[in-house]
Amino acid sequence: VQLQVSGGGLVQAGGSLRLSCAASGRTFSRYGMGWFRQAPGKEREFVATINGSGGSTYIADSVKGRFTISRDNPKNTVYLQMNSLKPEDTAVYYCAATQRLGSSYSTRVDTYDVWGQGTQVTVSS
């Protein structure tokens, strides 16, 4: 599978953005999907993850209540809806795919084998 990320940009604090991650291939539903972010000078950190069917999700505490992950398997796409954005959400956002745990989700960076190219999200104060 290959991943193409879109939807980043510049937004004011309190605003919203939706990131999309489109996957190639016919086996998209067999992958757990995750969103991660990396700010300058910091390690890549987990944001949200979803299992293959879309029935189970896990959201990082830092964004819980503001960010939502979802997927549309017929469209081979996973989304990250980001609301009430804060300046500390500024980072490059990546989507990733894993089959290490079957189609289950994962919060660990090292369980993901395929990564999208990343998209910049900048939140101004």
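Data block above holds the structure.
The structure presented is a predicted model; accordingly, all values stated were derived computationally and were not measured.

Chemist: I would appreciate a short explanation of the environment of R18 in the present structure.
Modeler: With respect to the element layout, R18 can be found in strand β3 (residues 17–23). Given the relative accessible area of 47%, R18 is considered partly exposed. Along the backbone, R18 and I69 are 51 residues apart, and their C-alpha atoms lie at a distance of 9.7 Å. Every residue in contact with R18, bar those within four places of it in the chain, is listed here: S6, G7, Y79, L80 and Q81.

Chemist: Which parts of the structure should I look at to understand the nonpolar core?
Modeler: Where a protein is soluble and globular, its nonpolar side chains tend to be buried together. Counting residues in each nonpolar core, the largest one holds 34 residues, and the members touching the most others are M33, W35, L80, M82 and Y93. For this core, the secondary structure elements donating two or more residues are β1 (3–6), β3, β4 (32–38), β5 (45–50), β7 (67–72), β8 (77–82), β9 (91–98) and β11 (119–124). The element best represented in this core is β9, accounting for 5 residues.

Chemist: What's the story with the environment of K86 in this structure? I'm lost.
Modeler: As for its position among the elements, K86 is in the loop between β8 and β9. Distance from K86 to S29, taken between C-alpha atoms, is 32 Å for residues 57 residues apart in sequence. In this view, K86 contacts R66 and V123; residues no more than four positions away in its chain are not counted.

Chemist: Sorry, what's going on with the sheet that holds β8 here?
Modeler: By definition, the strands of a sheet pair up through backbone hydrogen bonds, in either a parallel or an antiparallel sense. What the 4 strands build is an open sheet, ordered β1-β3-β8-β7; its pairing is antiparallel. Every interior strand has two partners, whereas the edge strands, β1 and β7, have only one. Across the sheet, the mean angle from the axis of one strand to that of its neighbour is 15°, orientation sign disregarded. With 4 bridges connecting them, β1 and β3 associate as antiparallel partners. Looking at β3, one finds that V5 is bridged to C21.

Chemist: Please clarify how the side chain of S20 should be interpreted in this entry.
Modeler: By the element assignment, S20 lies in strand β3. For S20, a relative accessible area of 16% gives the class buried. Not counting residues within four places of it along the chain, the set of residues in contact with S20 comprises Q4, V5, S6, W35, T77, V78 and Y79.

Cut-offs and rules
- Residues numbered from 1 in each chain as written.
- Predicted model: local features only at pLDDT ≥ 70, side-chain atom pairs only at ≥ 80, totals over all residues.
- Heavy atoms only, no water.
- Helix = DSSP H or I, 4+ residues; strand = E, 2+ residues; numbered from the N terminus.
- Buried < 20%, exposed > 50% of the residue type's maximum accessible area, 1.4 Å probe, protein only.
- Contact = heavy atoms within 4.5 Å.
- Core = buried A, V, L, I, M, F, W, Y, C linked by side-chain atoms within 4.5 Å.
- Pairing = 2+ DSSP bridges.
- Axes fitted to C-alpha atoms, helices over the stretch in contact; angles between N-to-C directions.

This is a description of form; function is not addressed.
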